[in-house]
Each structure stands twice: as C-alpha cells, then as structure tokens.
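Listed here are the chains, written in short residue letters.
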Amino acid sequence: MKENTPIRVLIAEDEALLARALADSLQRLWPQMQLIGIASNGFDAVTQALTLQPDVLFFDIKMPGQSGLDAACELTDQWPENQTLPLLVFVTAYDNHAIQAFEQAAVDYLLKPVNEERLRQTIARLQERLKNRTGVANAEEIMVQTLMQLRAITPKTAPERLRMIRATVGNQIRLISVDDIVYFSAIDKYLNVVTVDGEVLIRASLKELLVQLDPQQFWQVHRSTIVRVDAIRSAQREANGKLFLNLHQRPEKLAVSRLFAHLFRPRQT
Amino acid sequence: MLLSASRLQLFARELPRSLVPTLIINLLCALLVTYLMHVGTGFGENLLYAMCIGLTAMLLIDGGRLLLWGKDNPHELGFLLMLVLLAPLSFFIGSLIAASLQGHPASLVAISQTHNTTGFIVLTLLACVGGTLFYWNRQKMASLQARNTAIEKQAVIAQLQMLQAQIEPHMLFNTLATLQTLISSEPLRAQQMLDQLIHYLRATLSTSRSEQTTLGQEFLLMEAYLGLMSLRMGLRLTYALHLPDELRQTPIAPMLLQPLIENAIRHGLEPKIGGGSCTVQVTQQQTMLIISVIDTGMGLDSDAAYNKPASTHLGLENIRSRIDALYGPLAELTLTHNIPSGAMAQLSLPMQVLLAE
C-alpha cells in the first residue's frame, strides 16, 4: 500500500457522540485516514462494511442488534473470498473477560474513554500491519485466529452434557437422542433439529446448545450450523471458493464459514 | 492421649479466664459463712478455706470439662453428674490443703467431724452450680455476639454487592467517555451532564445505605439517570415520569424502583436498534400504591419464568424478597408484556404499611 493512499475506515458505535469523538481523534492523529461511514448497530456494521469495503474497522463491542464480536464473525463469513479482510480494532467501555482475551489476540482493542496516547499506539500498529499486508491469505489467517480466540471467551464449561433433545410436536413431547441428530441449524430464535428422517423446531440458541454438546461429537461449522461429525461424508470447495459439506444420510449441502474452514484442512504430517 | 499438646494449650487459655469469677465466688462464700452463718473462728480463716475449696473445685470441674469435652459444649447430664461428685471431693481436698497451710494436723476424719460438714458440702455445691451458670451465661453471650457480628457482616457484604450491581461499570465508563467528548466540543452540555452524573452517583450511594427515602427523592434520582441515558442514546430514548404531588412525600425503601428502570433501559431499550420510550408512573388505587415502569423495548423472553416464585432472575428475586419482608404478603411485583412492544414492571405496595413505616 502506498504512503499516500487514503486508509478507509468504518466505525461502528451506537452512541453518536462517541462515534463522532473517535472519528475526530482519528482524523487529527492520522491524516491519511478517510472516514467512510459510521454504523449505529451490529447489523448495520456488517451491511456497511460489505458495501464500502473498508481497510480498517473500529467496532464497539456492546451494540444494539448484535454485538461487535458477532458482527465481526458474520462479516468474516460473508466477506468475498478473493478480497483482503479489513483490520479490526475493538472498542469497549468495560469488559473484564474480553480485555484478557484482547491482550492475547492479534487484533487491537481500545478502552472507552479513549486515551489519545493509546490511540496513537493503535494507529502506529495499524500502519505497520497495513504496510506488511501481503495477500489475502495472511489477513484471513490473522482475522480467523483472532475471532476464534475471542469466541473462546464465552463460557466453555457445560453444566451437563446433553443426551436427549426434547421437542414439542403437536400435543406430545418427542425425545431425540443426540446420536440420531445429523445437524442443528439456527433460524431466528429457533433451532432446527435435523435427523435422518425429519426435522423439528425447538426454542433454543446455538450458543447455549453448543456448550452442552460433546466437542468431539459435534462441530460448529458455520455461525448458524452445528453438525455431528460422523454424519459428514465429505468437504468440497466449490468454484467460487466456498466450502461445503456433503452428508451421509441427508441430500442437502451445509456451508462452512471461513472461521471454521480450518477444521477441514488436510493435516500436515 | 487426652492430654495432647492442643489440650494443654486449651487449658492454659481457658483456666485463667475462670480464675477471677472463682475468686469472687470464694470471697462471697467466706463473707456468707462468717457474717451470716456465724461459723468458724473468723473471716481470715474462713477466707483461706473458701479459697482453697473454691480453687480446687475450679481446677477439678473446669479441668474435667476441658479434659472430657474440650472446646465443645459439655454433655448436660454428664456435667451435672461430674458437679455432684466433684463438689464434695473439692470440699475435702480444699479443707485438707487449708488445714495444712495453717499448720494444723490435717486428717479427713477431723474434717468430717467438724459440725456442719453437710452444710458446707451443700454450700460448695451451690457455689459450683453458681459458677457453672455464670460460665454458661458467658459462653452464650459470646456465641450471641459472634452471631450478631456475622449477621452485620453479611448485611454489609449484601449492601456492597448491591452497590456494585447498581453502578454498573459499563454505564459509568460510557458516560465518562461521553463527558470527555463533550468537555471540548460542548462545555455547557458537559457541565449539565456532569451535574446529572454527580446527582445520580450521590443519590445511588446514599440511598442504598439509608433505609428509607421518599417517592419524590426516588423520582429525582430517576430523572438524573434517564437524563444521562438520553444524552448518550440521543433520539433512541424518550422518557416520561409521572408522580402526583400528593404522593411525593410517600416513604419508600430505596433500590426498589431504580433496578426496574435500569432493567428497562439495559435489557429493553439499549439493545433495541430503534430504541423507544420509558414511562414511569405512580397511581393510588384504593389501598394500594401502584408504580409502573413501562418500556417499548425488546420485550420479555416468553419462555423465561419472570413471575414464578423461584425465578432465576436474581434482580427481580431480590426485589420480591425485599418487598415481602418490608411490606408483607400484599406487596407484589409483576412483569408483563407491554402492548404492542416491550415490557411493563409493576410494583403494588399497600399504602397503609408504607405510611406506617
């Protein structure tokens, strides 16, 4: 990247005053920076980022709609395969656990109220990264690694391992053993539980389900999909670069997002 | 085996504590024998006997207690039996010691032949019972005091936790960040916001410590809080507070209303993309005071058990147990859906109990 190319920045922050303040500070400390948009919620952040293709993102963690972390995951999923992923800086007012994770993560983070000296450091770090950015693969590696680390903040300790899923069908409650499940897919506030011979909706979130499942038996392969490992027949990369799973006993194909593609990379010996 | 090192330590610690009461009882006995019962050759000799008998009794009984039961409470029947056996024994041993101290030829026969032996044994027994009662009383006082201290400590811890829960760091730091921004760009608004923050912090810190406040004061606090939030959330938050003048002075416990409004903001309006409104109103319906907090936010999760007694929602449960303790079984907190969107929390409190406080 040349010295005089403007660095295009997108800010996602629900509090207008704080968004404006961050934009002003950035403008003052980083003349090369060009603000291309301010998103006011977690969904808007993804939409704007996909349309505007910024070089750098500043995402607030706590936003209406979805969190900055979820927005970043969704963005990584939907980002065109042949484009370099933007660099990401998280902004947060207070979050004990997240801060610990940020310190280990490859990505930078800022604490509100933002200190100018600290912002200068962040800018220096970003400039360094932008200079050394070589190709799509490297950026993706960094982003995926970071987001995986940050996702790990959510409690991993399951209260109890789930053996059965209870689903209400009409006026009866069906019990489905987790061994019979092919995959779960999230639809809005519901989960679609898919078995070999049918599917039922249950009211639960993928997040709360995930911690109750055996990580050896079930893998999350997409923001909205968890699949039973034994039910996977093969993974296949399509012409557009997207990865899909073929299943043993179901005809449909399941999309694998970038965050989880590493699960299907051949092991190097 | 009984005399382990820890037992010896226990002896060294406990026996001296019984010494002063024993000496006092001995003195009383000597006075009683000399001036009321008119027995013996004089106060001096009687005091010597009383001291010897009393101290022997103390060593035997207290020592026996520590030996048999250690730090635990003695077995009642066993202790009584020990008392009945050891009191006469102490009388004889103590008398022997006293006699030999005086240089008299001492023999058990001589002692048992002095008149009034039975009376003295009974006196010794009574003195021992007296000493025991004193001891038990002291133990009871000590354990009572320990319990009171524990209760006080718990109350302080609960209050601290409540404070921490109340002033949520996320809210505080975001407000400070906004202030930092406004200071340079709009100093007047910054000043106004700082005033509100000070008012909110002061009120939150002081009301959570005091036991009683008024509805009027609670509403001032809520106005400060909502003012802060609306500065931050901008057009995403509108709010209205309705409190009839005649209810302004109604006494109410702090931290009942505030958590409901903070919930409405934190769980209802802050996460909602378009934001919404928060309305707080107080009405009197016959004998009940009704406080409603209505928001048009995200609404309730239909599966969650907000209104069941063993609700998992800690904040609500906390309020429920407090209103139950303060205002009795008529007081209640309900959480319902607001039409068309959002949630409504309603506190119903019996007017009579509120005013009686």
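Described in the following lines is the structure provided in the data block.

Procedures and definitions
- Residues numbered from 1 in each chain as written.
- Chains lettered and ligands numbered in written order.
- Predicted model: local features only at pLDDT ≥ 70, side-chain atom pairs only at ≥ 80, totals over all residues.
- Heavy atoms only, no water.
- Core = buried A, V, L, I, M, F, W, Y, C linked by side-chain atoms within 4.5 Å.
- Buried < 20%, exposed > 50% of the residue type's maximum accessible area, 1.4 Å probe, protein only.
- Helix = DSSP H or I, 4+ residues; strand = E, 2+ residues; numbered from the N terminus.
- Contact = heavy atoms within 4.5 Å.
- Phe/Tyr/Trp six-rings, centres within 6.5 Å; stacked < 30°, edge-to-face > 60°.
- Pairing = 2+ DSSP bridges.
- Axes fitted to C-alpha atoms, helices over the stretch in contact; angles between N-to-C directions.
- Salt bridge = Lys/Arg side-chain N within 4 Å of Asp/Glu carboxyl O.

Observations regarding the nonpolar core
Soluble globular proteins tend to pack their nonpolar side chains together in the buried interior.
And step 1. Among the nonpolar cores identified, the biggest contains 52 residues, and L215(B), I261(B), C278(B), V293(B), I323(B), Y327(B) and L347(B) are the most heavily contacted of them.
And step 2. When residues in this core are grouped by element, the largest group, 11 residues, is from helix 8 (residues 215-233) of chain B.
And step 3. In contact with L347(B), other than residues within four places in its own chain, are L256(B), L260(B), L289(B), I290(B), I291(B), I319(B), I323(B), E332(B) and L333(B).
And step 4. Counting 39 residues, the second-largest nonpolar core is a separate cluster that includes F59(A), L85(A), V144(A) and I232(A).

Comments concerning the packing of aromatic side chains
All names here are of chain B.
And step 1. Here the structure, examined in full by the defined rule, presents 7 aromatic pairs over all chains.
And step 2. For the pair W69 and F79, a centre-to-centre distance of 6.2 Å together with 55° between the ring planes defines the contact as tilted. Placement of W69 in helix 2 (residues 43-69) and of F79 in helix 3 (residues 76-102) is noted, with a sequence separation of 10 residues between them. Across this residue pair, the class does not change: W69 and F79 are buried.
And step 3. Among the aromatic residues, those joined into a ring-pair cluster are F91, F92 and F120.

Things to note about the sheet that holds strand 14 (residues 243-247) of chain A
All names here are of chain A.
And step 1. The sheet built from 3 strands is open, its strands ordered 13-14-15 with antiparallel pairing. Of all strands in the sheet, those with a lone pairing partner are strand 13 (232-237) and strand 15 (253-256), marking the two edges. Across the sheet, the axes of successive neighbouring strands diverge by a mean angle of 30°, strand direction being ignored.
And step 2. Pairing of strand 13 with strand 14, which is carried by 5 bridges, proceeds in the antiparallel orientation. Bridge pairing in strand 14 places R237 opposite L243.

Topic: the pattern of salt bridges
Residue and element names in this part refer to chain A.
And step 1. In total, this model carries 21 salt bridges over all chains according to the counting rule given.
And step 2. Two residues, R118 and D108, come together in a salt bridge whose shortest N-O distance is 3.0 Å. Linking R118 in helix 5 (residues 116-132) with D108 in strand 5 (residues 108-111), this pair joins segments that are 10 residues apart in sequence.
And step 3. Accessibility expressed as a relative area gives 21% for R118, which makes it partly exposed.

Some thoughts on unusual backbone geometry
And step 1. Residue P113(A) follows K112(A) across a cis peptide bond; omega there is -5°.
And step 2. Examined against the element boundaries, P113(A) turns out to sit in the loop between strand 5 and helix 5.
And step 3. For the bond running from I339(B) to P340(B), omega is 0°, close enough to zero to count as cis.
And step 4. Structurally, P340(B) can be placed in the loop between strand 6 (332-337) and strand 7 (343-350).
And step 5. Despite not being glycine, M255(B) has its phi angle at roughly 65°, a positive value.
And step 6. Within the fold, M255(B) resides in the loop between strand 3 (251-252) and helix 9 (257-269).
And step 7. Notably, Q286(B) is not glycine yet its phi reads approximately 50°, a positive angle.
And step 8. With respect to the helices, strands and loops of the structure, Q286(B) is situated in the loop between strand 4 (276-285) and strand 5 (288-295).
And step 9. Residue Q286(B) is classed as exposed on the basis of its relative accessible area, which comes to 74%.

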